[in-house]
Each structure stands twice: as C-alpha cells, then as structure tokens.
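Understanding the architecture of this molecule
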Amino acid sequence: MTSAEIAVDIENVVKRYGSFTALHGVSLSICENEFFTLLGPSGCGKTTLLRSIAGFEEVSSGTIRLKGEDITGLPPHKRPVNTVFQQYALFPHMTVTDNVMFGMLRSGWSKTDAAQRANQVLEMVQLGGFAARKPAQLSGGQQQRVALARALAPRPAVLLLDEPLSALDLKLRQAVRVELKSLQRETGIAFIFVTHDQEEALTMSDRIAVMSNGEVQQIGAPPDIYESPVNRFVADFIGETNLLDVDVHSVSDGMATLSLPGGHGFTCPAAAMRGAGKGHLSVRPERIALCAEGAGDLDATVTGRVYLGTDIQLHVRLADDEAMTVRLQNSETTIVPEEGSAVGLKLEVGAARLLAD
Amino acid sequence: MAAGATTSGGTVSNIYKGNSAKLMFPAWAMIGFFLLAPVGMMIVYSFLTKEFRGGVIWEFTLAAYDQFFFDRGLFGDEPPSIEWTYIGIFWRSIWQAGVATIACLLIGFPTAWFIATRRPSTRSAWLFMITIPYWVNLLIRTVSMKFLIRDTGPLNEFLLWTGAVSEPLGLINTNFAVQLGLFYSYLPFMVLPIYASVERYDFSLSEAAADLYSSIWTTLWLVILPVVKPGIVAGCILVFVPSLGAFLAPDLLGGAKTFMIGSLIEEQFKGSAGNWPFGAAASTILLSIVMAVLLIYARNQNKGSER
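This structure is a prediction, so every number in the text was calculated from the model and none was measured.

Rules used throughout
- Counting restarts for each chain, with residues numbered from 1 along the sequence as it is written.
- Following the order in which they are written, the chains are lettered starting with A and the ligands numbered starting with 1.
- In view of the model being predicted, local features appear only for residues whose pLDDT reaches at least 70, and side-chain atom pairs are presented and counted only at 80 or more, with totals across whole chains, interfaces and linings using the full set of residues.
- Remark: hydrogens and water are excluded; side-chain values derive from all non-hydrogen atoms of the structure.
- Only runs of H or I of at least four residues qualify as helices and only runs of E of at least two qualify as strands under DSSP, and these elements are numbered from the N terminus.
- For this analysis, residues touch if any pair of their heavy atoms sits within 4.5 Å.
- Every accessible area reported is derived by Shrake-Rupley at a probe size of 1.4 Å, with residue values counting cover from the shown protein chains alone.
- Charge counting follows a simple rule: Lys and Arg are positive, Asp and Glu are negative, and His as well as the terminal groups are ignored.
- Every charge is mapped onto a representative atom, which is NZ of Lys, CZ of Arg, CG of Asp or CD of Glu.
- UniProt positions are given in the numbering used here, feature names are shortened, and annotations may be inferred rather than shown by experiment.
- When DSSP finds two or more bridges between a pair of strands, those strands are recorded as paired.
- Interaxial angles span 0 to 180 degrees and are taken between N-to-C directions of axes, which are lines fitted to C-alpha atoms, for helices over the stretch in contact.
- We define a salt bridge as a contact between a side-chain nitrogen of Lys or Arg and a carboxyl oxygen of Asp or Glu at a distance within 4 Å.
- Whether a residue is buried, partly exposed or exposed follows from its accessible area with a 1.4 Å probe, protein chains only, as a fraction of its type maximum: under 20%, in between, or over 50%, in that order.
- Put simply, buried Ala, Val, Leu, Ile, Met, Phe, Trp, Tyr and Cys residues joined by side-chain atoms within 4.5 Å make one nonpolar core.
- Throughout, the term roughly parallel applies to angles under 35 degrees, roughly antiparallel to angles over 145, roughly perpendicular to angles from 65 to 115, and oblique to all others.
- The sense of a crossing depends on the near helix, which, turned anticlockwise from the far helix by less than a right angle, makes the crossing left-handed and, turned clockwise, makes it right-handed.
- Any residue outside Ala, Val, Leu, Ile, Met, Phe, Trp, Tyr, Cys, Pro, Asp, Glu, Lys and Arg is labelled polar, Gly included; the first ten of those are nonpolar and the last four are charged.

1. Let's talk about the overall build of chain A
- Within chain A, the secondary structure is distributed over 8 helices and 20 strands.
- Relative to all contacts within chain A whose residues are 6 or more apart in sequence, the contacts with residues 24 or more apart total 65%.
- Of the roughly 15,500 Å² that chain A leaves accessible, carbon and sulfur atoms contribute 49%.
- Placing the 32 positive and 42 negative side-chain charges of chain A at their respective mean positions leaves the two points 9 Å apart.

2. Regarding the UniProt feature "domain: ABC transporter" (unreviewed entry) in chain A
- What UniProt calls "domain: ABC transporter" (unreviewed entry) maps, in this numbering, to residues 8–238 of chain A.
- For the annotated span residues 8–238 of chain A, helix accounts for 36% and strand for 27% of the residues, and the straight-line distance between the end C-alpha atoms is 25 Å.

3. Looking at unusual backbone geometry
- In this structure, Asn213 of chain A is a non-glycine residue whose phi angle is positive, near 50°.
- Mapped onto the elements, Asn213 of chain A comes out in the loop between β9 (207–212) and β10 (215–220).

4. Focus on the sheet that holds strand β15 (residues 288–291) of chain A
All names here are of chain A.
- With antiparallel pairing, 5 strands are arranged side by side in an open sheet as β15-β19-β16-β17-β18. Of all the strands in the sheet, the pair left with one neighbour each is β15 and β18 (323–329). Taken pair by pair, the neighbouring strands of this sheet meet at an average axis angle of 45°, ignoring direction.
- Sheet topology places strand β16 (residues 298–307) next to strand β17 (residues 311–318); 7 bridges connect them, and they run antiparallel. Of the residues in β17, the one forming a bridge with Tyr307 is Ile312.

5. A look at the pattern of salt bridges
Residue and element names in this part refer to chain A.
- Tallied over the entire structure, the rule returns 19 salt bridges over all chains.
- A salt bridge links Glu179 to Arg145; the shortest N-O distance between them is 3.4 Å. One end of the pair, Glu179, is in helix α5 (residues 170–187); the other, Arg145, is in helix α4 (residues 140–152), and 34 residues separate them in sequence.
- Among the residues examined, Glu179 registers a relative accessible area of 29% and is labelled partly exposed.
- A residue is classified by how much of its surface remains accessible, and Arg145, at 16% relative accessible area, is buried.
- For Arg185, the salt bridge goes to Asp206, with nearest N and O atoms at 2.9 Å.

6. Focus on the UniProt feature "transmembrane region" (unreviewed entry) in chain B
- Mapped onto the present numbering, the UniProt feature "transmembrane region" (unreviewed entry) falls at residues 27–48, 94–115, 127–149, 176–198, 219–241 and 276–298 of chain B.
- Segment residues 27–48 of chain B splits into 86% helix and 5% strand. End C-alpha atoms: 31 Å apart.

7. Considerations on the nonpolar core
- Counting residues in hydrophobic clusters, the biggest one holds 70 residues, and the most contacted among them are Val8, Ile10, Leu28, Leu38, Phe91, Val158 and Ile192 of chain A.
- Broken down by element, this core gets its largest block of residues, 11 residues, from helix α7 (residues 175–200) of chain B.
- With residues up to four places along the chain from it excluded, the contact list for Leu28 of chain A reads Val8, Asp9, Ile10, Phe36, Leu38, Leu49, Ala209, Val216 and Ile219 of chain A.

8. Points about the packing of α4 of chain A against α5 of chain A
Residue and element names in this part refer to chain A.
- The contact between α4 and α5 brings their axes to 12 Å, and the two run at 15°. Put simply, α4 runs roughly parallel to α5. In this structure, α4 crosses over α5, and the sense of that crossing is right-handed. Contacts from Gly141, Gln144, Arg145, Leu148 and Leu152 in α4 reach Leu172, Val176, Glu179, Leu180, Leu183 and Thr187 in α5.
- For the contact of α4 with α5, the residue count by class is 6 nonpolar, 3 polar and 2 charged.

Right under this line is the structure:
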C-alpha cells in the first residue's frame, strides 16, 4: 500500500474525556475506494473515531491525515469529508433539493452547477420525484437516502457513515446494504462505516476494524475476521463461537498441537504471538459434525434442541461440564439426536483456531 | 353480526361527542366572558357619546374617532385638518415597543441559548432565576428601576465615583429610560418561548451544517434561526404587544415627554380627561393595528409553508 493509495491515515490517535480514555492510541489506514467498517459494541470508541475524522471531536494526541495532508487541527467545515448521520439530521425547514444543495453552495459551487448536481445525486438515490418535499413528508427510508445524497453531492474525498441503517426496519436495512455497497463502487471514494451489527459489517465491507475498549482488536477482510479471529473478543463478537479451554503443547509455523478437554490430541491454526500453555480454542457451531460416541474429538451429552428455521441448534455438555453449541442444517437427511443422548463431536480442522488469549 | 358491530361502534362515538360538548363549555364560557364580552363592550363604547364625569350616554356618534384623527380647532367649528397628536403618540409607542422588543431579542436569545445548553439538571435553576424578579409587582419593579437610574441613584453615583463621568448621565425622563423599563418588564416573555424552541433544537443539525462546509455564523443564520423561529416570533409578540400598551414604564420613567398609548388610554378612564368613548376608540384602533400585523404575519407564514 503506497501512500498515494491511502485515503485516511490515522496514527496513534488518543481521545480523553477527563479521566476516561475513549481511544487508546488507534492507528489504521483506509485505502482509496474502500468500504471500511468500524465494528464494535457501544462504547468501544468507533463513533468517537469517526467523529474525530469528521472534526467534531478534537483528538487529545495523534495525527489524522487525509490523502497525505494533516487535517488533525482543522474544524469540521474545512475538512473535505461528509457525514451521513445516524438520525440523518436533515434541515427540517428546507426542501430535499435545498438540503442536497446546502454543502455545495457553502463550498463555492455556482447555483446552476449545484442544482444540476443535486438532480443527478437525487436520481442516483432514486429520489428524483421528491425534490420539492420537506423532510417531514418523507418516510424513514427516503430520509436516509436524502441524507446520503446530501453528503455525496459536494464530492467529498471520503464519506463517513454513522450507523445510518440503525433507524430502518429489517427488510429495508437489507435492501439498503446492497445499494450502499454499489453506491460506493459507483462513486469510487472510500466509505468509512460505523456499526455494531456484525452482519452489516460482514456483508458490505472490504475490510473491517473490530474495536473494543478504545482499541483496534483486529483489522481484516470479512472472511479473515470470521474464520481467523485473533482473540477471544473478536471470536465472541463476530458470530457465535464455542470457546474451549485447551492445553497447548507446542506451536510451530502457525500450527498448534494441543489436547482437547477429554484428552484427545488436536492440531489447528494458531493466532500469532502464541506459545505453549493454557489457551482458548474457538470453534464455530456450524463447523462441528456429529458422529458416534467415541468416534470424534469430543464426547458430549445433548441437553437441548432449539428450532431456528434454517438451522437446528443443539446444546451439548462435555464431560467436564463445559457447555457448547452445535448448529445442524435443517435438511431432510439431518438426524437430530434426542435430548439426553450421548454423541461424539468431530471438529473440522480448518475451522477451529487457537486464540492469542 | 356486522350490523351489531356497526351499531356498537356508532354508540361509542356518540358518547364521546356528548361528552365533548359538555367538556367544551368551560372553554366557550371563558372565551365569551373574558374575551368577546369585554372587547365587544370596548368597541360599542367607542361609538357612544361621552358623559363629562366619565361613563357614556347611549347615543351613537363617531365623535371619538373624529377626535382621534381630525383637528377642528378649539371650539370644533374650523374645517377639519389631520390631528397629528394621537397619531404621533401611536407612532412613538410603536417605536418604543419596537426598540424594547429588539433589545429583548438581542439579550434574550443568547440567554435562552445559554440556559438550553446547560445540563438538564441545572436548566430549571437558571429558568427559576430568570423569573424571580417577576414575583414582585410590576409597579414596584418599575419604581426601583427609577431609583436605580435617577441622577442621584446608585448607577450615577457609581459612575461619578469611578470618574467615568463628570456629571450624572441624565437617564431619567428620556426615551431610553422608557425603553429600558419596557425591556426589563418583558424580558422573560422573550426568554421563555425561545428557550422552549432551543431546548427542542437538534444540535446534530449544527454538526450537519458544519460538516457541509458552513461556518458558525452561516449555521446560525441558515439553520439555527430558521429552525427556532417559532420561539423567536412568539417571544417578539409577547414582548411587543404588552410594551405597546404599557403605561407604568412611560409614566414613571419617561415623564411627560414620552407619553405612550397606554398612558393616553389610562387617562381617559382614570385620569383628568375622563373620556370613555375616546379611550375605547384609541383601544380599538390599537387592537386593529396589532391584529393587522399578526394577520399579515400569519398569512406570510402559511404561504411559506405551502411553497
């Protein structure tokens, strides 16, 4: 990644509110034309980081560069980035067109150019017929598109999106995800998207930064994050997982040799910086197969069954009382064991991963 | 089955209608007794003949309005020319009330903004402090203002002591003193409605404006003021209208030179003039001016929202 390809470069950014530290020296780079997601639970610092890029928060220390230029000290109205706000923040006294033209007129566009561009952007978000309406006369989904059009119209260097889908209902949210992704491709600029919804992050992002407690836990493409989580937080936060206490004998070339609860030996990929000793193994519930008792890597007793439609969730308990979840696909050939029956569990080698902590 | 459902639905709504007519009674009684009756009386009296020691004779005449607008000489036998005295008093009143309203807006808006942007727990304490002076009677407050600003009052004594001025400012009995009195009397009526508007203001709108390349002043002008405009308009009406009819501040702080409508009207009913129909006519004219201004404003508002 050369510096020319980097849209936003965040270097060791710290943000303190009194004695509380919201960001503990965050560093990351966002490439041009990338859909980059900041993912984490509420209070993890993702929104603070986004607001620092927009200029609404003054960072306590560290540097934020936009296309190589230091913008750390600039007020929001001097930063060529635009934001789609969580509650949209549309100007209620202005028409849709006036809302969309607002940013262009403030940044020196001529009235005719701005009007033309407003039409173009409103067509792009399929709101061509709503130009004369006031925000209060639009549905939530339409307001969200106006907010998007307003932020995209002045051709920002980077678009910031602060949980823009959280106010929409599920069906609409799923449709907008696809549109947002194609809009990002169409405009060719970097989108920095903040969300706490892992499904949203996995479906739209080129890369995801998983955050917790003001720190970046892992950065990677969706499959990397899901299949190779580096630590317990990431494994637990992204999707469902089973965390097993294991004894690690040795780690070499990224592969760990360990013994599972019950004593079975097992070899699987390990996170970097991992040595021998006690550790946690992350196993996704859908990557476990059922077999006869004694024939698999683990033996367990079925304690409950939950019907989920596409899947059937099986709760099992190991000999040492550790609980695990297994997901079986709901098909005609699936045999679902009765509650109380003893089963063997076979772990797929590539799907289990030894975590760093 | 379907018919039964319809019937029961109809019964319910009728019960509500019956109740609502009864519930409306106090409101209609209020409007009738406190609004329509006094205003009606005022208008009727303005067309009656005056009794010399106050009161009216029930004979229709336009004399009161004639006296207001036309000068027919000392004995009423000269050809009519425009009478400027009362129009002048009206004009001065509008000017004084206007200055007081603008002063209230300039001070009241930042005050309301300050209070509305405090932590929610301290806002009520600030509002409480704004209203404390208003627990005291208006007459007493106006008199104390007179004592404060008169030539031998604390303000001038202090300025003389510091050497900022070499002789008293001579504030009392000026237009400025009246404006100050009106400003002081009605400031909370500006602060409270603006506060209510600003408190509801969504500050993410300011962030959105800043995000869209708008400086603080542009944001104030293009986003904040238009959004909180209802509060500003309500505040201006609540200050301007009573200022226009005020008589305590001009009487006590202004002296004879700064006679305003309120004093003119008061004099017709209580004072030496004792001309009820003329006082009623002046009140009717005042009411018409205020109503006209409000109607014009309301019509422009509607046009604006239909656009």
